[in-house]
Every structure is written in C-alpha cells, then in structure tokens.
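# An overview of the molecular structure
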Amino acid sequence: MSNNIDLVVFGARGDLARRKLFPALYQLDRAGLLSDSTRIAGVAREAIDSAAFIQQIESLLKDTPEIGEWDEKVWAKFSRRLHYIKIDFSQKKEFAVLNQWIVNRRTVIYYLATPPSLFGPICKHLNDADCVDKTSRIVLEKPIGHDLESSEQVNGDVGKYFSERNIYRIDHYLGKETVQNLLALRFANRMINSQWDNSCIDHVQITAAETVGIEGRWTYYDKVGQLRDMVQNHLLQLLCMVAMEPPSSLQADEIRGEKVKLLRALRPIDEDRVEEYAVRGQYSAGWISGSPVVGYMQEEGCESDSSNNETYVALKVHIDNWRWAGVPFYLRTGKRMQDKVTQVVIVYKDNPHSLFPETDGEANNKLVIRLQPNEGIQLEMVSKKQSLKERLSTEKRTLNLDFFDSSGDSRIADAYERLLLEVMKGDQWLFVSRDEIDASWRWCDRLLASWRGKKIPTKSYSAGSWGPSKAEILIENDGRSWYEE
Ligand code: BG6
C-alpha cells in the first residue's frame, strides 16, 4: 500500500474508465490495497458536480458483473475518495482548478484515458498550471503513435514534462496474471529453463484469437488494422516474455532491458520475403457460436466501398540471436475467429531416433500455455499404453496444471487492477519503456512498408473460421501446422 498518492483520471466518463479503471480501483479498495488517504479525481469536460459523478460511478459498479456481491461498507469508503473536476482538455486556463485540488507533498498520478492526440497538450497544460513536479507520474494508454515517427513525437511531447522514470506506458497484456506467470514458469523452473532454446525447441506458436469484430470502431480501426492494434504491442510483448534472456533480477530496468534486446534481434520482414513470412486477412460474413455475423465491410460505421485493411495477421518471425537461431516463431491474431483464445505453444524437437514407430509424427512434446480463457498449462507427453496384449505400444497423454489456484486469491484479478497497483507503488516492471516502443515500431514499420511496396491485398476468411487458408500454407510450407485442440 502506498501512502500520499492521489490519482487523476482524464477521460473519466469514457469507455476505458468506465469499463476498466473505476471497477479496478474499487476492487483494489475492497482488497485493502489503496492507502487510506488516497483520493481519486475524475476529469472530463461535462458540466456535472461531484455528487452526480459519484452517483454515476455507483450505478456503473452495480452494473458491472465482475464486481459481484455489493458491499456497502466498501462503497462508503470508496465513494469518499471520489471527486469530479470539470476541465476542457484543450483549454489551458481550465487546468487551474486542478492545481487547487492538488495538495503539496503528495504524489499525483495522471492517468490519460484519452485519445493519444491529447497526450502532448494535456501534459503541457498540466505543466503550465504548475501541476507537475518531479514526483508526478503519468500513465499513457496505447496506441502510442501510428508508426515510429509519430510515436517519437508523442514520447517527445510527454518527455518534455515527465522523466522516463515517471512515464507508465500501458500494455494491458502485461497486467494479466498469466502473462506474468510466464516469468515464473520460465525462470523459476530449472527443468524448463534448461531446455528453452534451439537445441530442444522446434518452433513456437503464439495465438491471440478473438471472436469479437471491431466493436463499432470501424472508422478508427480501418486506419489502424490488426498489425498495429494487436501485434505491435500485445503479441510482441508476449513474444518478449517467451523469448527474452533471463534478466539478472526482477527489477524493471533488467526486465525491460532484456525485452529491448529481443525486439532489436527480430529479423526484419523485407519486401522480397513478405509473402512467405506474413499473411493479411479480412473477415467476411460467417457464423460464430451458432449466430450469423456480418463481414468487415458490412460492419456498422463502414462508409467505404472497399478497404484493404487487415483484421487478421499471421507471421513467421525469426529472432537473430544465439538462443533462437533456426527456431521460427509463428504468430497469429485475428478478429471474428472461431474461439477467443490466447495461448503460447512450445513444440519440442522430435527424438533423434524413434524406438516407437506408432507415435511417429506425433511424438513431439508440446507445452501449451493457455493465457485466456481456462488459464493453465498442458504438457503433451508420450507414455506406454496400459495393455497386457501389446508389448510396448505408446500413446499421447496430457499433464494438466490449472493456473487457477483455489488456495490463493479466489479470483483472477483483472489486468488493470495489477497495473494501477504497480503505478501507485512506482514500479515500472509491467510497463513498456520508450526503447521498447521504438524497437517494436521500427520492426512493424518495416513490415507495413513491405506490404505497401508489394501491394499485398488482404485474403478473405469467413467469420468463425481460423483465418485465411494462406495462413495454413504459411506454416505448412515448413512441414508444420497450427496447434488446434
Ligand atoms: C486491445 C485492442 O488493445 O486489446 C482490441 O485494441 C482487442 O482490439 C483487445 O480486442 C484484446 O484484449 P483482450 O484482453 O480481450 O485479449
């Protein structure tokens, strides 16, 4: 629990604040993880007073299924922390009211749940209104820019007023309990750690599939696409957690330093190999869980006759370092796919010589790390079939480890609870450094340029499928296939 911390949420009436931030803060309070003195201010441009704001938060929380049973005592405590401050973010002079709210010698955290175009102006106005000192922290939501150049601009604008030590860039995947568990799995288990390289591993698959479409964000999403929306941040962060070298400690600088090295070791996908290494897809109409869904071009908000924007990406990625030379990482992510699943599959090499012909082709051990849903690990192994008649025939069996631990916390905390807690503690280990952002944009920009250069069109896939057939070919060309249960 951190003392003397106040939190100011810009965009307090927006979607993110309502769906994630206020429920997460309430849960932290319920768990006794907010210090008694912590105050929370919601900032937005609507002219309402604190009492109305508090009432809105109350109904919001009561309507949030994850909150579960309503606890009047927790609410009484939480509601006392809440304030509302009306500011039009574009009006410098309006920031003076915030200055009056701030109390000397308390650390203020500014959470910008606003469009990124406002990051620079808000920081400037905060500074001009004397709301920033060397202890103030700022939290930024993705997307940080649209490419390397624009992200440098955003980081530069924010960096004029906040030092890198005080900037917390969110990638909510890092707040997921199971993503953090990758560190424990890899670095607390000698058995796994000692076999985590090209001598034992054949290839790795990382899948982040969603059943949702673009959720009413057509105009935004059509300028962004799945590479920028999911790969540049979440998938590359997962890749880092899976493939980075062991940090020398769990300090933020050590972990982030290893991630940067990994991102810089990604082999660029240039024009001459882009068709072999990358697939773009766009969903057409189809069925998900027995219900019909429209295609991307029929989504609400679509005003174009055609779009070459991708809603699906599959990639073959190489990491040019000693550990991973020769081990491809296959990444795929898409909207409107058959199931919602995020998982990492480690496929081990086959034995050098097979004694058990009947398991040929199936013998590779696989470690399946399910990040969501049904969080857990499965290890596919081969064992002897229980049989008197057969001498020594084998079969595939699975060892299961459920991440959900009934003896630990009785629920898996939402990513934003963890992230807000870490910002309040002042620990950056789950936040993305400027160097990481630069390196991941540099790599993605190169791929986007290759797609543009070669004028690669999107391949159509039916909603409710696992993506375009080209993505199957991408992996099958290497004699491998996507892992599907
Ligand atoms: C967001 C993307 O960052 O992550 C969304 O902008 C995507 O398009 C979402 O749906 C997926 O997050 P999660 O936690 O549901 O896997």
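Keep in mind it's a predicted model, so treat the numbers as computed, not measured. (Residues numbered from 1 in each chain as written. Predicted model: local features only at pLDDT ≥ 70, side-chain atom pairs only at ≥ 80, totals over all residues. Heavy atoms only, no water.)

### Observations regarding the site of the ligand
Heads up, the rule is: Being near a molecule or strand, for a residue, comes down to having at least one heavy atom within 4 Å of it. Each polar contact in these results corresponds to two N or O atoms within 3.5 Å; when the atoms are within protein, one needs to be able to donate a hydrogen and the other to accept it, and residues that are neighboring in sequence are counted only if both atoms are side-chain atoms. Throughout, the Shrake-Rupley method with a 1.4 Å probe supplies accessible areas, and for residues the shown protein chains are the sole cover considered. Think of it this way: any DSSP run of H or I at least four residues long counts as a helix, any run of E at least two long counts as a strand, and we number them from the N terminus.
Taken together, K142, H172, Y173, K176, E210, R217, D229, M230, H234, K335, K340 and Q372 form the complete shell of residues around the ligand. For the ligand, an oxygen atom lies 2.7 Å from a polar atom in the side chain of K142. Side-chain polar atom of K335 to an oxygen atom of the ligand: 2.7 Å apart, as the coordinates give it. Protein coverage of the free-state accessible area of the ligand, which is 390 Å², stands at 80%. The biggest single contributor to the shell around the ligand is helix α9 (residues 218–243), with 3 residues.

### A short note on the packing of helix α6 (residues 148–159) against helix α13 (residues 434–453)
Basically, it comes down to this: Fitted lines through C-alpha atoms serve as axes, helices being fitted only where they are in contact, and the angles separating the N-to-C directions of these axes extend from 0 to 180 degrees. For classification purposes, an angle smaller than 35 degrees is called roughly parallel, one larger than 145 roughly antiparallel, one from 65 to 115 roughly perpendicular, and anything else oblique. The handedness criterion is simple: a crossing whose near helix is rotated anticlockwise from the far helix by less than a right angle is left-handed, and one whose near helix is rotated clockwise is right-handed. The criterion used for residue contact is that any of the two residues' heavy atoms lie within 4.5 Å. Side-chain classes are defined by residue name, with Ala, Val, Leu, Ile, Met, Phe, Trp, Tyr, Cys and Pro counting as nonpolar, Asp, Glu, Lys and Arg as charged, and the others, Gly among them, as polar.
Orientation of α6 relative to α13, taken along the N-to-C sense of each, is 165 degrees, at an axis distance of 9 Å. As far as their axial angle goes, α13 and α6 are roughly antiparallel. Helix-helix and strand crossings are classified by hand; for α6 and α13 the assignment is right-handed. On α13, the residues that touch L148, S151, E152, N155 and G156 of α6 are R434, I437, D438, W441, R442 and D445. Taken together, the residues of the contact of α6 with α13 break down into 3 nonpolar, 3 polar and 5 charged.

### With respect to the nonpolar core
For clarity, the cut-off: Working definition of a nonpolar core: buried Ala, Val, Leu, Ile, Met, Phe, Trp, Tyr and Cys residues. They are joined through side-chain atoms within 4.5 Å. A simple rule labels every residue: compare its accessible area, found with a 1.4 Å probe on the protein chains alone, to the largest value its type can have, and call it buried under 20%, exposed over 50%, or partly exposed in between.
Counting residues in each nonpolar core, the largest one holds 130 residues, and the members touching the most others are F10, F22, Y110 and F329. Leaving out residues up to four positions away in the same chain, F10 has contacts with V43, F89, F95, L98, Y110, Y111, L112, A113, T114, I122 and L126.

### Comments concerning the sheet that holds strand β11 (residues 312–317)
Within a beta sheet, neighbouring strands are joined by backbone hydrogen bonds and run either parallel or antiparallel to one another. Where we set the bar: Note on pairing: DSSP must find at least two bridges between two strands before they are called paired.
Here we have 9 strands laid out as an open sheet, ordered β16-β15-β14-β13-β7-β12-β11-β8-β17, and mixed in their pairing. Where the open sheet ends on each side, the last strands, each with one partner, are β16 (394–402) and β17 (459–462). Sheet twist, expressed as the mean angle between neighbouring strand axes with direction ignored, is 20 degrees. The sheet contact formed by β11 and strand β12 (residues 329–334) spans 6 bridges and is antiparallel. Each bridged residue has a counterpart across the sheet, and for A314 the counterpart in β12 is R332.

### What to know about the sheet that holds strand β6 (residues 167–169)
Pairing is parallel in the open sheet, where 6 strands are placed in the order β3-β2-β1-β4-β5-β6. The open sheet is flanked by β3 (82–86) and β6, the only strands paired with a single partner. Within this sheet the neighbouring strands show an average axis-to-axis angle of 20 degrees, counted without direction. In this sheet, strand β4 (residues 107–112) lies alongside strand β1 (residues 5–10) in parallel orientation, the contact comprising 6 bridges. Opposite I5, over in β4, you have T107 as the bridge partner. The strands touched by helix α1 (residues 15–30) are β1, β2 (39–44), β3 and β4; relative to β1, the strand with the most contacts, the crossing angle is about 165 degrees. Sheet strands touched by helix α5 (residues 119–128): β1, β4 and β5 (137–140). Its angle to β4, the strand with the most contacts, is close to 155 degrees.

### Describing the environment of W101
Of note, W101 is situated in helix α4 (residues 96–101). Separated by 16 residues in sequence, W101 and I85 have C-alpha atoms that sit 8.8 Å apart. Apart from residues no more than four positions distant in its own chain, W101 is found in contact with D6, L7, V8, R39, I40, A41, H83 and I85.

### Observations concerning the packing of aromatic side chains
Rules: Each Phe, Tyr or Trp ring (for Trp, its six-membered ring) is paired with any other whose centre lies within 6.5 Å, and the angle between the two planes then decides the class: stacked below 30 degrees, edge-to-face above 60, tilted in between. For a Lys NZ or an Arg CZ to count as sitting over a ring, it must be within 6 Å of the ring centre and within 35 degrees of the ring normal.
Per the counting criterion, the structure on display carries 17 aromatic pairs. Both rings, one in F53 and one in Y84, keep their centres 5.1 Å apart while their planes meet at 40 degrees; by these two values the pair is tilted. Here Y84 lies in strand β3 and F53 lies in helix α2 (residues 50–62), a separation of 31 residues in the sequence. Pair check on accessibility: F53 and Y84 agree, each one buried. Chaining the aromatic ring pairs together yields one cluster made of W218, Y221, Y283, Y296, Y312 and Y461. Its end group placed over the ring of F89, R45 keeps NZ or CZ at 5.9 Å from the ring centre.

### So, the side chain of D29
Position of D29 among the secondary structure elements: in helix α1. Judged by relative accessible area, D29 falls into the buried class, the value being 2%. For D29, the side chain forms a polar contact with the side chain of R81, separated by 2.9 Å. Discounting chain neighbours no more than four positions away, the residues touching D29 are L34, V74, K77, F78 and R81.

### What to know about α2
As a reminder, the rule being used: How far a helix is expected to stretch is found by multiplying one less than its residue total by 1.5 Å. Note: the arc covers the axis-to-C-beta directions of the helix.
Over its 13 residues, α2 extends 18 Å from the first C-alpha to the last, a length consistent with the 18 Å expected when each residue adds 1.5 Å. Every buried residue belonging to α2 is among F53, I54, I57, L60 and L61, and all of these are buried. One side of α2 carries all its buried residues, which in axial view fall inside an arc of 120 degrees. Those residues of α2 that are exposed and aimed more than 90 degrees away from the buried face are A51 and Q55.

### With respect to the pairing of β11
Counting buried residues in β11 gives 6 out of 6 residues, a clear majority hidden from the surface. Here β11 shows no split at all, with Y312, A314 and K316 on one side and V313, L315 and V317 on the other all buried. Bridge analysis of strand β8 (residues 278–284) against β11 gives 4 bridges, and the strand direction is antiparallel. Counted as the bridge partner of G281 is Y312 from β11.

### Describing helix α10 (residues 252–264)
Taking 1.5 Å as the rise per residue, α10 with 13 residues should run 18 Å; its terminal C-alpha atoms sit 18 Å apart, in good agreement. What α10 keeps buried is the set A252, I255, R256, E258, K259, V260, L262 and L263. Turning to α10, the residues buried within the fold contact α7 (177–187), α9 and α13.

### Details of unusual backbone geometry
Cis geometry marks the peptide bond from K142 to P143; its omega dihedral reads 0 degrees. Topologically, P143 is positioned in the loop between β5 and α6. Looking along the chain, the bond that leaves Q372 and enters P373 is cis, with omega of -15 degrees. Summarising the element assignment, P373 is placed in the loop between β14 (366–372) and β15 (376–384). In this model, N374 sits at a positive phi of 50 degrees, which is unusual for a non-glycine residue. If you trace the backbone, N374 turns up in the loop between β14 and β15. A positive phi angle is found at K455, which is not glycine, with a value near 50 degrees. Here K455 shows up in the loop between α13 and β17. Assessed through its relative accessible area of 70%, K455 is described here as exposed.

Geometry only, nothing functional implied.
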